[in-house]
Amino acid sequence: TCTNLPQDYVASTSDGPVSWLVLFCVEWADRCRKFNKTLGEIAPDLQGLYKIGYIDAEEKPELAYSQLGVRVYPTLLAFPRGFGAGHRPLEYDRPKGSASKIASWALGLLPNRVVQVDSSADLLRPASSHHVAVLLFNDKSLTPAGFKATALRHAHPRAHHSSKHLHFAEVR
């Protein structure tokens, strides 16, 4: 259910529209097989936002241990979009998390492309006659992950559903 990664994915940055979630495991561990299955379950929800990779740490110890310091399996690392050389990946620190918790964590790492609207004047000011705004009326302190993910899917010019005329805004 998870794709294998090219050997040099760590050396490159993830500046495109897609980030990486990478699961480091060992084949013989039951916990690794279960975690891998859970990642396969959330893969459709993260499609277009994350590529999901699986690395057998016994086959690639120089990558797992030497380069990234992975010592416990399973370990899930995130390389969010814009991740560059010299930065540490982000580690999911709840290995027994449910699929929805893992998805929420991953979506929460993505950049926010939702504009905050603070007054009715902001709503009445047209950005352009050729733009469409998607508004979310929200009484919460954080932007919902699904809305943030949808905005991000449409934000990058190389993304499949990209649109320079579609803007996302949140009214609080």
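Just above sits the structure.
Note that the structure is a prediction, hence the values are computed from the model and not measured.

Caption draft 1: The arrangement of the overall build of the chain in detail. For the chain, the helix and strand inventory stands at five helices and eight strands. For the chain, the N- to C-terminal ordering of α and β elements is β-β-α-β-α-β-β-α-β-α-β-α-β. Here the chain, with 172 residues, has 42% of them falling under the buried criterion. For the chain, restricting intrachain contacts to residue pairs at least 6 apart in sequence, the fraction spanning at least 24 positions comes to 75%. Summed over all atoms, the accessible surface of the chain reaches about 10100 Å², with 54% contributed by carbon and sulfur.

Caption draft 2: Summary view of the pairing of strand S4 (residues 75-79). With respect to burial, S4 is a largely interior element, five of its five residues being buried. Covered by surrounding structure in S4 are Thr75, Leu77 and Phe79 together with Leu76 and Ala78, the residues of both alternating faces. The sheet contact formed by strand S2 (residues 19-25) and S4 spans five bridges and is antiparallel. Following the sheet pairing, Leu23 is matched in S4 by Leu76. Here three bridges tie S4 to strand S5 (residues 90-92), and the two strands are oriented antiparallel to one another.

Caption draft 3: Representation of the environment of Pro61. Among the secondary structure elements, Pro61 is positioned in helix H2 (residues 61-67). Of the residues examined, Pro61 reaches a relative accessible area of 39% and is grouped as partly exposed. Along the backbone, Pro61 and Arg71 are ten residues apart, and their C-alpha atoms lie at a distance of 9.7 Å.

Caption draft 4: The environment of Arg153, seen in detail. The residue Arg153 is located in helix H5 (residues 145-155) in this model. On a C-alpha basis, the gap between Arg153 and Leu49 in space is 6.8 Å, while along the polypeptide they are 104 residues apart.

Caption draft 5: Representation of the packing of aromatic side chains in the model. One pass over the structure, following the stated rule, counts two aromatic pairs. On the numbers, 6.4 Å between centres and 55° between planes, the contact of Phe35 with Tyr92 is tilted. Separated by 57 residues along the polypeptide, Phe35 in helix H1 (residues 30-46) and Tyr92 in strand S5 bring together distant segments of the chain. Here Phe35 matches Tyr92 in class, with each residue buried. Aromatic pair Tyr92 and Trp105: ring centres 5.1 Å apart, planes at 65°, arrangement edge-to-face. Of this pair, Tyr92 sits in strand S5 while Trp105 sits in helix H3 (residues 99-108), and the two are 13 residues apart along the sequence. Accessibility assignment for this pair places Tyr92 and Trp105 in one class, buried. Among the aromatic residues, those joined into a ring-pair cluster are Phe35, Tyr92 and Trp105.

Caption draft 6: Local environment of the nonpolar core. In terms of nonpolar packing, the biggest core is built from 37 residues, with Leu21, Phe24, Leu39, Leu46 and Leu76 touching the most fellow members. Of all the secondary-structure elements, those providing two or more residues to this core are S2, H1, strand S3 (50-56), H2, S4, H3 and H5.

Caption draft 7: Spatial organisation of the side chain of Asp56. With respect to the secondary-structure elements, Asp56 resides in strand S3. This buried residue, Asp56, is left without a salt bridge; Lys60 holds the nearest opposite charge, at 9.6 Å. In this view, Asp56 contacts Cys25, Val26 and Glu27; residues no more than four positions away in its chain are not counted.

The rules behind these values
Numbering of residues begins from 1 in every chain and follows the order in which that chain's sequence is written. Thresholds applied to this predicted model are a pLDDT of at least 70 for local features of residues and 80 or more for the giving and counting of side-chain atom pairs; totals over whole chains, interfaces and linings are not thresholded and use all residues. Side-chain measures were taken over the full set of non-hydrogen atoms in the model, leaving aside hydrogen atoms and water. Labels follow the DSSP assignment, with helices taken as runs of H or I lasting at least four residues and strands as runs of E lasting at least two, numbered in each case from the N terminus. Burial classes: relative accessible area under 20% of the type maximum marks a residue as buried, over 50% as exposed, and values in between as partly exposed (1.4 Å probe, protein chains only). Working rule for contacts: check all heavy atoms of both residues, and any pair within 4.5 Å makes them a contact. Accessible surface area values rest on a Shrake-Rupley calculation with a 1.4 Å probe, where residue burial reflects the displayed protein chains alone. Two strands pair if DSSP finds at least two bridges between them. Each pair of aromatic rings taken from Phe, Tyr and Trp, with Trp reduced to its six-membered ring, is defined by centres within 6.5 Å and is described as stacked if the planes are under 30 degrees apart, edge-to-face if over 60, and tilted in the remaining cases. Among buried residues, the Ala, Val, Leu, Ile, Met, Phe, Trp, Tyr and Cys ones that are joined through side-chain atoms within 4.5 Å form a nonpolar core. His is not counted, nor are the chain ends, whereas Lys and Arg count as positive and Asp and Glu as negative. The working definition used for a salt bridge is a side-chain nitrogen of Lys or Arg within 4 Å of a carboxyl oxygen of Asp or Glu.

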